[in-house]
Amino acid sequence: MNEIKISFNEMKKVLESLFLKYSFSNEQAKILAKIHAESTLDGINSHGINRVPIFLNYITKGLVKIDSTPTLVASLGSIERWDGNLGSGVLNAITCTNKAVQLAKTSGIGLIALRNTNHWMRGGTYGWQAAEQGCISIMFTNTAPNMPAWGGKENRIGNNPLVVSIPRKEGHVVLDMALSQFSFGKMENLHLKGEQLPFHGGWDTNNQLSKNPKDIMASGRALPVGYWKGSALSMVLDMLATILSAGNSTYKIGQKGDETAISQVFLCINPNVFSDRQLQEKLLSEIIQYSHDVSPMSKEDRTYYPGERTLATRLKNQKEGIPVSSKIWEQILLLSK
């Protein structure tokens, strides 16, 4: 795959112009451009710049409603249920994260369950968002069925991304993981580069475990993390997102043909309800240092806490430019004309 380097500001400017062309308001276009550019800056091209053409296709097909905003359906104390009204998944998720943070700052904890929304792109975006506002977060979403439940042949469960973030002065801890061994976005990115997966990532069309992203995408059957454990966790997250939001389950989403009208949960906790923030920072550093202070498997290896490599990638790309597939960038420029 041929790559070119694009500055963050240039990417944001081009994307903002593109989203304006698709009738988003000035404010919406700025937010969407910023989020997609930030994800790409952090090295998550699969859910940043690479995802833009798919997002625009969903708009063209009428699956993403540009004029829709999320609405409150029910509330009880620090728990609320919202309807995304099929609006932009990014804009809906930003709104619900801010609302969960607001509830957490008032009550110590805030939970927003959201139904009828669309793909939130990089889930970690909202973990960083909560951490920047001083809150711990636990967030997850269901998806269309794209993995077999353990022991089954056909896809029945989703790779349901899970995000956990913890604010920290020396660098926020942000776990952002799909429940497939590799996300389909990651596999697509490696396929564009002509690279194999480092470990088995799913089954090919002959029901054999494979490291070839093209073969796995052809079968559409990803491997759950932890095998049967990941399969069970996927089911539980789907259940929680569905019952708390009274929205669609992976089963119902799969019947739609396109991944839309999904269900999500945004849980935020304010750690400042305890007057020992300095102790919390010390304990976090203790855990991280203990993990860092270990002999590596090989000279090139070392250990990282969740989010550490993202920060390093961000700094590198800010300095050197963001590597982007030339094919993808040409497509973006063509769409923006």
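Read on for a plain summary of the structure. (Residues numbered from 1 in each chain as written. Predicted model: local features only at pLDDT ≥ 70, side-chain atom pairs only at ≥ 80, totals over all residues. Heavy atoms only, no water.)

1. A closer look at the overall build of the protein
The number of helices and strands found in the protein is 12 helices and 14 strands. The globule rule puts the C-alpha radius of gyration for 337 residues at 20 Å, and the 20 Å found for the protein is close to it. Principal-axis analysis of the C-alpha atoms gives the protein an extent of 55 × 55 × 45 Å. Residues counted as buried form 50% of the 337 residues belonging to the protein. By sequence separation, contacts in the protein at least 24 residues apart represent 65% of the contacts at least 6 residues apart. Summed over its atoms, the accessible surface of the protein is roughly 16,600 Å², and 54% of this surface lies on carbon and sulfur atoms. (Helix = DSSP H or I, 4+ residues; strand = E, 2+ residues; numbered from the N terminus. Rg over C-alpha atoms; globule rule 2.2 N^0.38 Å. Buried < 20%, exposed > 50% of the residue type's maximum accessible area, 1.4 Å probe, protein only. Contact = heavy atoms within 4.5 Å. Areas by Shrake-Rupley, 256 points an atom, 1.4 Å probe, with all protein chains shown as cover.)

2. Considerations on the packing of aromatic side chains
The tally for this structure, following the rule as stated, stands at nine aromatic pairs. A centroid spacing of 5.9 Å and a plane angle of 70° characterise the contact between F19 and F55, whose relative ring orientation is edge-to-face. Taken together, the residues F19 in helix α1 (residues 8–21) and F55 in helix α3 (residues 52–60) connect sequence positions 36 residues apart. Note on F55: relative accessible area 6%, which makes it buried. Here the aromatic rings of F24 and F55 are separated by 6.0 Å at their centres, their planes lie at 20°, and the arrangement is stacked. Of this pair, F24 sits in the loop between α1 and α2 (26–41) while F55 sits in helix α3; the two residues are 31 residues apart in sequence, bridging distant segments of the chain. (Phe/Tyr/Trp six-rings, centres within 6.5 Å; stacked < 30°, edge-to-face > 60°.)

3. Some points on the layout of surface pockets
Of the pockets and cavities examined, the second largest pocket occupies roughly 350 Å³. Forming the walls of the second largest pocket are 15 residues, and the residues nearest its centre are K34, I35, E38, T125 and W128. Secondary-structure elements contributing two or more residues to the lining of the second largest pocket are α1, α2 and α5 (124–132). Broken down by element, the residue count for the lining of the second largest pocket peaks at five residues, all from α2. (1 Å grid on protein atoms, 1.4 Å probe; cavity = no way out; pocket = protein on both sides within 12 Å on 5 of 7 lines; lining within 4 Å. Points joined across faces, edges and corners; volume = space filled by probe spheres on them.)

4. As for the nonpolar core
Membership of the largest hydrophobic core comes to 48 residues, with the highest contact counts inside it found for M11, L15, F19, F24, F55, F266 and I332. Tallying contributions element by element places helix α4 (residues 89–107) first for this core, with nine residues. Setting aside chain neighbours within four positions, we find I332 in contact with V14, L15, L18, I49, V52 and P53. By size, the runner-up hydrophobic cluster in this structure holds 19 residues, among which are L111, M147, F182 and L190. (Core = buried A, V, L, I, M, F, W, Y, C linked by side-chain atoms within 4.5 Å.)

5. Some remarks on the sheet that holds strand β12 (residues 221–222)
Read from one edge to the other, the open sheet built from three strands follows the order β11-β10-β12, with strand pairing classed as antiparallel. The sheet terminates laterally at β11 (209–210) and β12, the two strands that pair on one side only. With two bridges joining them, strand β10 (residues 202–203) and β11 adopt antiparallel strand pairing. Bridged to W203 within β11 is L209. (Pairing = 2+ DSSP bridges.)

6. Focus: the packing of α2 against α4
At their nearest, the axes of α2 and α4 sit 10 Å apart, and the two run at 90° to each other. Considered as vectors, α2 and α4 are oriented roughly perpendicular to each other. Side by side, α2 and α4 meet where Q28, I31, L32, I35 and H36 of the first sit next to V90, L91 and I94 of the second. When grouped by side-chain class, the residues that make up the contact of α2 with α4 number six nonpolar, two polar and no charged. (Axes fitted to C-alpha atoms, helices over the stretch in contact; angles between N-to-C directions. Parallel < 35°, antiparallel > 145°, perpendicular 65-115°, else oblique. Nonpolar A, V, L, I, M, F, W, Y, C, P; charged D, E, K, R; others polar.)

7. Points about the pattern of salt bridges
Per the counting criterion, the structure on display carries 10 salt bridges. Between D42 and R314 there is a salt bridge, and its shortest N-O distance comes to 2.7 Å. Here the residue D42 occupies a position in the loop between α2 and α3, and R314 occupies one in helix α11 (residues 308–320), the gap between them amounting to 272 residues. Between E281 and R277 there is a salt bridge whose closest N-O contact spans 3.7 Å. With a gap of four residues between them, E281 and R277 both fall in helix α10 (residues 277–292), about one helical turn apart. Taking the relative accessible area as the measure of exposure, E281 reaches 12% and is therefore buried. On the accessibility criterion, R277 (22% relative accessible area) is partly exposed. Ionic contacts of the salt-bridge type, sharing partners, join the residues D42, R122 and R314 into one network. (Salt bridge = Lys/Arg side-chain N within 4 Å of Asp/Glu carboxyl O.)

8. Let's talk about the sheet that holds strand β3 (residues 79–83)
Strand order in the open sheet formed by seven strands is β2-β3-β4-β13-β5-β8-β9, with mixed pairing between adjacent strands. Of all strands in the sheet, those bounded by a partner on one side alone are β2 (71–76) and β9 (173–177). Averaged over neighbouring strand pairs, the angle between their axes works out to 10° when direction is ignored. Here strand β5 (residues 136–141) pairs with strand β8 (residues 162–166) via four bridges, running antiparallel. Among the inter-strand pairings, I138 is bridged to a residue of β8, identified as V164. Helix-sheet contacts for α4 involve β3, β4 (109–117), β5 and β13 (262–269), and the interaxial angle to β4 is about 160°. Its contacts with the sheet put helix α8 (residues 228–245) on β3, β4, β5, β8 and β13, and the angle it makes with β13 is roughly 90°.

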